[in-house]
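Spelled out from the first residue to the last, the chains are:
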Amino acid sequence: MPKTSSPSAAERKLFLVDGSALAYRSHFAFSRNPLTNSRGEQTGATFGFVRGLLKMIDDEKPTHVAVVFDTPEPTFRHKAYKEYKATRQKMPPDLVAQLPKIRAFTEALGGHLLEMPGYEADDVMGTLAQQGSDADMQVFLFSGDKDFMQLVTEKILIYYTGRSDEPQILDAAGVKEKMGVLPDQIIDYLALLGDTSDNVPGVPKVGEKTAIELLETFGSLEGVLANADKVKRAAVRESLKANVEQARLSQQLVTIDTHVPLAIKMEELEYRGPNNQAASALCREFEFNSLLARFTEAAPMISVNYQLVDTPEQVQALLAKLKSVSCFAFDTETTAADPLRAELVGMSFAFEEGNAYYVPVAPPLLENDLSDFVLEDAAGKRDFSLKKIFQPLLEDAHAKKCGQNTKYDQLVLARYGVTIRGADFDTMIASYVLNPGNRQHNLDLLCLEQFNYKKIPTSELIGTGKKQKTMREVTPAEVARYAGEDADFTFRLYRHFEPKLRAAGLYELFETMEMPLVEVLRAMEWEGIALDLPFLKNMSAELEAKLGQLMAEIYELAGEEFNLNSPAQLSKILFEKLKLPRKKRTKTGGSSTDADVLEELAHHHAMPAKLLDYRELAKLKSTYVDALPQMVNPFTGRLHTSYNQTVAATGRLSSSDPNLQNIPIRTELGRQIRRAFIPRKKGWLLLDADYSQIELRLVAHLAQDANMIEAFRNDEDIHSATSSRIFNVPMSEMTPDIRRRAKEINFGIIYGMGAYGLSKRLGISVDEAQQFITSYFVQYPGVNAFMAGTIADAHKNGYVTTMFNRRRYLPDIHSDNQRVREAAERVAINTPIQGSAADLIKIAMLNIHRRLLKENLQAKMILQVHDELVFEAPENEIEKLRALVIEEMSGAVHLDVPIKVEAGVGENWLEAH
């Protein structure tokens, strides 16, 4: 929005953002855990860039903002020195693809985008900084690039954020403390030192410490060169004398040009706020749902009637209304996000748009006494039992209810002995079924998306951070508006989504698979699983000892002690002291020490392998062995994960708090963690049932490939069979390595992997990998036809489906960008396979759950991990349970190949698997 008045000169703050540097920094911040949207596009650089820019705007309140980018055209530096930046790696393709959107976001957020062909961003920023300073503005250079330190004055400061995202501001004293020289010596310091990231040569033999000493002694680069004979160290002295012109060239290269002919006036850089319409459109496109509300204008206040129901008479009147309607929305307000630790604060109801009712609940009589919930009368006497009033209605399966994330409400009330029935429409799940590509389906976002309505944020009631309070500490009158809104808009979404599901042909999937699964997952989360805490305690001590031993061995191999968790210190040991080959550069020009690099370096020296072992053990210890005991519920004594039904676009379930699907099983130590998962009591055992190669069996069925179907029907090992066909090796001569190659090909191809990806996996040439792929399709022509047909259908329809009509839209399937389009085609191939596998195990879970109840078994289904289900049962039920589980898992759906289920039993999860 335009400012109402212009700030005085003393108040004017010009922020100059190094856009290219911020984009790079943001990209690499997400390099280990890439952020992608539902179309498979990487969005981490864009998200990090936007978040960084917004934080600066929020924290610093700039009056003027310019975001400056480099251009591809050569500059005067390239002309002066053709090797300038010659060693810098090309910009990562994923970052290149995001640059147009980063630029678009820059303008949408109100930042003035600048770039000048023939000049680097540094020069444009330097020129603007000087102009701002001349205009008596306070100028901030938003960059971590040390070159900018040469510009620092009282009016020009460096602004940058470290790993903690907390801003740091450097003045002249800060530059001196950080670099060892003052701003007016930075150019000469860099000229002596050189810059590996820009390939500025500098003077050989002159390091940081030496450069500082030389400038302290002789004042400037020219002073150093003129007095080279006086330098005591012979090697440095001779290098200075031999590299005079190189030093002066380096000085020229690192000097920022502050006289770029810019055709822009300072008043044109005034910050006028974001373009909310453009910013919200970009947030929707990139699925930055956490930022969307910021740019969405609040809808005009709608006419609503949200009532606080806080007398016995009002409660009875509400109950009568609820009994008379065909469906009502129900929601709970609680004290915590974890439903198995939360206390009920109130309940809200709605059964017509614009009207809602909130019933507050008094605190429990005793701590953790959850036997009842009551309404306080005016005198504070708690003798009116809401539980007795509402329990029959909530447990009536014929009283139709809808909700948002109803599993949470069911778990909360289960702690009070109330079993919700008839909740057969969940708006969160309806949104997911309609659009599984969206990563979030929370109520606030759905209101924005479907009604352009901005709900009251929870933070408005309870605050954030250390000062955050619980909902119980908010007055009932305040909660009533918030809770009533939740129930009202849940009811609106129910009315909105139900016809959409029917029109899209998705209601059957929603009604027969996804909604019944809510009860199955609720029951699993309620049961939880027991942990062998003494075992984990001993394992922690053993890992601590092994880590200490590894640390000592690493120090011995390094010849000194250093911080193993410091990439800079580790890089110095590996590449400067041990002289190991540098394999990969970081964004700042340093040498990478990531896992891939260490694996390669392990062929040259013993220390990298030890470091990999150290990292693995440290992660196991911190993430699982030490963390899991802290997550045991104090009320149940068991570990309760949360199953997420609306996250994966393929339909797969995920697990969180803790994520039990990520427990590593490829290493022996990782597998040992499963030993800590045990039955609830003596006389009980665990049963683990796992689908065998289900995705490849689905490929055979979907592709109707005769050779693959024959292999499965003959109960052949599919990887060995593939090896035999592709590599022309008799089954009797099969080796583990040949089988491994076939396994990589089997899974790689069904996930759309090309020759380049396969070559990396197998460590072979791209040509050889392409030969393997060609041979594979010759042996399995049906698979090739299936993949081609699936891609063609995706181009025609814009979506693909699973065997059970789960739909996944592919908006990028028609993209003009070949790379983006091919990514969508890989998703098209993968979704019918992985999605059908996800549906298959869901059907099995539903059928097993019903059988366990019908046959009145004590056995419980307690874990789901991809294609694997875990149960606990009394020893005398185990064989009956095994037969039941195998029958239901293998018979969940009919395929043209046998569905094979492997089941094991043991006194812990590892033993059972």
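A few points on the structure. For clarity, every value in this text was computed on a predicted model and none was experimentally measured.

Right, let's talk about the sheet that holds strand S7 (residues 305-308) for a bit. Spatial strand order, S7-S10-S9-S8-S13-S14: six strands in an open sheet with mixed pairing. On the outer flanks of this sheet lie S7 and strand S14 (423-426), each paired with one strand and no other. Pairwise comparison of adjacent strand axes, ignoring direction, gives a mean angle of 30° for this sheet. Where S7 lies against strand S10 (residues 355-360), four bridges are found, and the strand directions are parallel. Among the inter-strand pairings, Tyr 306 is bridged to a residue of S10, identified as Ala 356. Sheet contacts for helix H15 (residues 386-394): strand S8 (328-334), strand S9 (344-352), S10 and strand S13 (401-403); angle to S10, the most-contacted strand, approximately 135°. In this fold helix H16 (residues 406-414) packs onto S8, S9, S13 and S14, with an angle of close to 60° to the strand it touches most, S8.

Our next topic: the pairing of strand S23 (residues 868-874). Of all seven residues making up S23, seven are buried, and the element is well covered by its neighbours. Sheet topology places strand S19 (residues 684-691) next to S23; seven bridges connect them, and they run antiparallel. Residue pairing in the sheet places Trp 684 in a bridge with Pro 874 of S23. Two strands pair when backbone bridges link them, and strand S22 (residues 860-865) and S23 are joined in this way by five bridges, in the antiparallel orientation. Directly across from Gln 864, in S23, lies its bridge partner Leu 869. Here S22 folds back onto S23, and the loop between the two strands holds two residues, one of which, His 866, carries a positive phi near 60°.

Evaluated as defined, the whole model comprises 48 salt bridges. Residue Arg 77 pairs with Asp 123 through a salt bridge whose shortest N-O separation is 2.8 Å. Taken together, the residues Arg 77 in helix H3 (residues 76-80) and Asp 123 in helix H5 (residues 121-134) connect sequence positions 46 residues apart. Across the pair Asp 136 and Lys 155 runs a salt bridge, and its minimum N-O distance is 3.1 Å. Within this pair, whereas Asp 136 is found in the loop between H5 and strand S4 (138-142), its partner Lys 155 is found in the loop between S4 and strand S5 (156-161), the two being separated by 19 residues in sequence. The class of Asp 136 is partly exposed, set by a relative accessible area of 38%. The network of salt bridges with shared partners includes Asp 444, Lys 455, Arg 481, Glu 485 and Asp 486.

Cut-offs applied
- Residues numbered from 1 in each chain as written.
- Predicted model: local features only at pLDDT ≥ 70, side-chain atom pairs only at ≥ 80, totals over all residues.
- Heavy atoms only, no water.
- Pairing = 2+ DSSP bridges.
- Helix = DSSP H or I, 4+ residues; strand = E, 2+ residues; numbered from the N terminus.
- Axes fitted to C-alpha atoms, helices over the stretch in contact; angles between N-to-C directions.
- Contact = heavy atoms within 4.5 Å.
- Buried < 20%, exposed > 50% of the residue type's maximum accessible area, 1.4 Å probe, protein only.
- Salt bridge = Lys/Arg side-chain N within 4 Å of Asp/Glu carboxyl O.

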